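These are the residues of each chain, in order.
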Amino acid sequence: DQGSPAQSTSDFESGLKDDDRLDLRIWLRLLTCANMIERRVRQNLRTDFDTTLPRFDVLAQIDRAPEGQPMQELSRRLMVTNGNMTPLVDRLEEEALVVREPSAKDRRVQHVKLTDEGKSALDAMIPENKRLVSDLMRYVDRDRASELYDLLGDLKESILKSEAGK
């Protein structure tokens, strides 16, 4: 049953019963949840730390390589172009949160490292970010959350296999 014409045009999930529509509904629900979480994380970072999600992501990624991370690798890990990464790192450097140092092996390569100030700023943001995400998920039963995590792993594997099959 597709419902009334008005209902079917205003509610994209109304009356959808078959499996191929289920796949679409799952994707839309995942997208909605991801957007809702991201909106709250962005708001929290802006309100509590006067920073942005991209800045937080860059600092967190740099922190994973204490010896420094080449700009190209940083761009690859964050899935953005070097052209997008450079102005962001420039601003973080101006604020003394990161430094760039030439590679000992190749002077053309710049390694980005956190300064002590950058590490302190990130160390203040991480626990608050974890608390916020946990708070957003607190009404999901822990066993069901674990099952969801496993199911999303299955989905990720399916996507990777599908991409490899092209």
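Parameters at a glance
Per chain, the residues get numbers from 1 upward, laid out in the order the sequence is written. Local features in a predicted model are, by the rule used here, given only for residues with pLDDT of at least 70; side-chain atom pairs are given and counted only at 80 or more, and totals for whole chains, interfaces and linings are based on all residues. As a rule here, side-chain values cover all heavy atoms of the structure and leave hydrogens and water aside. Each helix corresponds to a stretch of at least 4 residues labelled H or I by DSSP, and each strand to a stretch of at least 2 residues labelled E; elements are numbered beginning at the N terminus. Contacts are assigned to residue pairs that have any heavy atoms within 4.5 Å of one another. What makes two strands pair is DSSP finding at least two bridges between them. Each axis is a line fitted through C-alpha atoms, and for a helix only the stretch in contact is used; angles between axes span 0 to 180 degrees, taken between their N-to-C directions. Residue exposure (1.4 Å probe, protein chains only): buried if accessible area is under 20% of the type maximum, exposed if over 50%, otherwise partly exposed. Any N or O atom pair separated by 3.5 Å or less is treated as a polar contact, with the protein-specific requirement of one donor-capable and one acceptor-capable atom, and with residues adjacent in sequence counted only for side-chain atom pairs. Only one rule defines a salt bridge in this text: a Lys or Arg side-chain nitrogen within 4 Å of an Asp or Glu carboxyl oxygen.

(A) Examining the environment of Glu-128 more closely. Mapped onto the elements of the fold, Glu-128 is located in helix α6 (residues 116–136). In this structure the C-alpha to C-alpha distance between Glu-128 and Val-41, which are 87 residues apart in sequence, comes to 9.7 Å. Contact partners of Glu-128, with chain neighbours within four places excluded, come to Asn-44, Asp-48 and Phe-49.

(B) How the structure looks around the sheet that holds strand β1 (residues 69–70). A sheet is described by the order of its strands in space; here three strands give the open sequence β1-β3-β2, paired in antiparallel fashion. On the outer flanks of this sheet lie β1 and β2 (98–102), each paired with one strand and no other. With respect to the sheet, helix α5 (residues 82–94) is in contact with β2 and β3 (110–114), its orientation differing from that of β2 by roughly 115 degrees.

(C) Structural view of the side chain of Glu-128. A relative accessible area of 19% means that Glu-128 is categorised as buried. Engagement of the side chain of Glu-128 in a polar contact is seen with the side chain of Arg-131, the distance being 2.6 Å.

(D) Quick look at the pairing of β3. Relative to β3, β1 is paired through two bridges, and the arrangement is antiparallel. The residue of β3 that forms the bridge with Gln-69 is Val-112.

(E) Spatial organisation of the pattern of salt bridges. In total, this model carries 12 salt bridges according to the counting rule given. The salt bridge partner of Lys-119 is Asp-63, with a shortest N-O separation of 3.1 Å. Residue Lys-119 is located in helix α6, and its partner Asp-63 is located in helix α3 (residues 53–63); the two are separated by 56 residues in the primary sequence. Here Asp-135 makes a salt bridge to Arg-138, at a shortest N to O gap of 2.1 Å.

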